Amino acid sequence: MTTGHNVSFRGRYRLARVILLATALIMLILYATSSRWEPEQQQGQVAPRVLETPIVDSPATMPAKYTDPTGDRVATHPMAPGDEAFQPIDDPRVPTAKALTEHDKEISPSAEGSLYSKIGKLSMLYYNEVSKETFWYEQALAGHRIHNMRFGYKHFVLRHEIVPDIWSKQAFILSVLLQELAKPMGERLEWLFWHDADLVLMNSNIPLEIFLPPPEFSHIHHIVANDLNGLNAGVFFLRVHEWSMWYLSAVMSYTNFHPDRVLRYSEQTAMEWLIQEEKWGMNTTHVPQRWFNAYQNFGIDNTVPPEWEWKHGYYEPGDLLVHLPGTADARPEVMREWLGRVHDQSARYEIPLADTTHVKNITEFWLNDARNEKKNQDTFWRRWHILIRVGSQQDDQVREAVAQAETLADQARLSPEQKEHRVNEVKEKYRLQKIAALRRAEQEKLQEAGLLEEQAPTTDR
Ligand SMILES: *[C@@H]1O[C@H](CO)[C@@H](O)[C@H](O)[C@H]1NC(C)=O
Ligand SMILES: *[C@@H]1O[C@H](CO)[C@@H](O)[C@H](O)[C@H]1NC(C)=O
């Protein structure tokens, strides 16, 4: 009996075990399938937070230990670093007190201020799929970390699209701007530094503060740089000021008010056209491209008069960053190379500020060139239009002449070396002809405008 009882008990026990096992198996299968689907469901929301400062986690002069006298913990600010990150940095390269601010006292445990720079960095980086490309973009963004820590820059990074196309950039800058303007004076950031994601920070010894205009330029709220195509909106400064709000609003609503105008480079072109208007232009300064928007060297075009100094915005060791527009499919690889350079040969690229000519050049710029903003821009755009019109006519002529020289060389059965020599002679002749034609066109334009005498030196070079 005992056996029978035991048998029947064992039978039931087995059944229970089978059911249990089956349930476990089903749950396992369900779990496995659901987790396999997870990544796909999460596509498009790689990083859900709008604002974050992943990089500033150790403000420049934060006290090492903090004890709140009231016994209350400091309210956690969304950008506040964790307590363990509160380490002082006794780095002599931290800029002067002038540059550091008292704002955000709520995250200043000592209430002594001097936490963050008055400049905040802004960028955006979002994508639907993680790829080789996005990996290097993330690395480049992380490359700001030491710079941000050293000088106390908050870094606001937009991690998902707000509005279609690149207009999210303007919307995001406006949102941060309004957030700052809503704070009491003195607690605000004073400047916003926008940078696109396709650049590599090359020298974390260069504080952004050196680029800001001196006090007598308090009416300047926007600092930008042209490349050879006109404005490049990849990197620029905008003052935390009412002006900037109106300006960004004008940029964002440009297409609504000018539906007939085609914006070749969307918001960049809208910015470019607005700052050519006096209303916005008189509060904007164009500075040399190399300051904070240097490109990797694409080569100098020697068919343009050298005194035009066309295309002089190329990166050189010691510069803040290298911006990599126009590299298209090669970009991840190009970014990897630049990140590798700054990582492996830091001593070559991370030159101390005092060993560079930046401060000297910048000081001279604000003393001299900056006062001729209008004239400098007129010159830039005059030359730009001449290059488009006269330059491309000349380029057509040289193409024709080269083709003709090649045909003639073939007919004369010249050796490849002789043929190359002929072709080079033709190219050189047309190069000089193009330079002369460009200079002549500029003279004519200046004559029309009654400005000729100012440009006299260009004639005898
Ligand atoms: C813009 O610049 C002009 C010319 O210098 C100046 O008079 C004006 O006050 C500036 N606007 C603002 C909002 O600062
Ligand atoms: C400063 O200006 C000089 C003279 O124009 C130039 O040779 C040098 O490269 C500039 N340096 C920087 C860092 O822009």
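The shown structure was predicted, so the numbers you read here are calculated from the model rather than taken from an experiment. Just so you know, the residues in each chain are numbered from 1, in the order the chain's sequence is written. Each chain takes a letter, starting from A, and each ligand takes a number, starting from 1, following the order in which they are written. In keeping with the predicted nature of the model, local features appear solely for residues at pLDDT of at least 70, side-chain atom pairs appear and are counted solely at 80 or more, and the whole-chain, interface and lining totals rest on all residues. Processing note: side-chain calculations cover all non-hydrogen atoms of the structure and skip hydrogens and water entirely.

1. Quick notes on the sheet that holds strand β6 (residues 230-239)
Step number 1: Two strands qualify as a pair provided that DSSP identifies no fewer than 2 bridges between them. Comment: elements are numbered from the N terminus, with helices defined as DSSP H or I runs of at least four residues and strands as E runs of at least two. Taken together, the six strands give an open sheet; going across it, the order is β2-β1-β3-β6-β5-β7, and neighbouring strands pair in mixed fashion. On the outer flanks of this sheet lie β2 (154-158) and β7 (284-286), each paired with one strand and no other. Going across the sheet, the axis of each strand differs from the next one's by a mean of 25°, ignoring polarity.
Step number 2: The sheet contact formed by strand β3 (residues 191-195) and β6 spans five bridges and is antiparallel. Residue pairing for β6: Trp191 is matched across the bridge by Arg239.
Step number 3: Against the sheet, helix α4 (residues 168-181) touches β1 (119-124), β2, β3 and β6, its axis set at about 140° to β2.
Step number 4: Throughout, a residue-residue contact means that at least one pair of heavy atoms, one from each residue, lies within 4.5 Å. Every angle, taken between N-to-C directions, lies between 0 and 180 degrees, and every axis is a line fitted to C-alpha atoms, over only the stretch in contact when it is a helix. The sheet contacts of helix α7 (residues 266-275) involve β5 (222-227), β6 and β7, and relative to β6 the element is tilted by about 75°.

2. Examining the site of ligand 1
Step number 1: Consider each residue's heavy atoms; a residue with any of them within 4 Å of a molecule or strand counts as near. Taken together, His219, His221, His241, Trp243, Met282 and Asn283 form the complete shell of residues around ligand 1.
Step number 2: In this structure, an oxygen atom belonging to ligand 1 sits 2.7 Å away from a side-chain N or O atom of His221.
Step number 3: The separation between an oxygen atom of ligand 1 and a polar side-chain atom of Asn283 is 2.3 Å.
Step number 4: Class assignment for the residues of the shell around ligand 1 results in two nonpolar, four polar and no charged. The term polar contact refers here to a pair of N or O atoms within 3.5 Å; inside protein, the definition further demands a hydrogen-donor-capable atom paired with an acceptor-capable atom, and it admits residues adjacent in sequence only when both atoms are side-chain atoms. Each residue receives one of three labels: charged for Asp, Glu, Lys and Arg, nonpolar for Ala, Val, Leu, Ile, Met, Phe, Trp, Tyr, Cys and Pro, and polar for the others, Gly being one of them.

3. Concerning the packing of helix α2 (residues 132-142) against helix α9 (residues 331-344)
Step number 1: Interhelical geometry of α2 versus α9 gives an angle of 35° and a closest axis separation of 9 Å. For the pair α2 and α9, the sense of crossing is left-handed. Of α9, the residues touching α2 (which contributes Lys132, Glu133, Trp136, Tyr137, Gln139 and Ala140) are Arg331, Pro332, Glu333, Met335, Arg336 and Leu339.
Step number 2: Taken together, the residues that form the contact of α2 with α9 break down as six nonpolar, one polar and five charged. The handedness criterion is simple: a crossing whose near helix is rotated anticlockwise from the far helix by less than a right angle is left-handed, and one whose near helix is rotated clockwise is right-handed.

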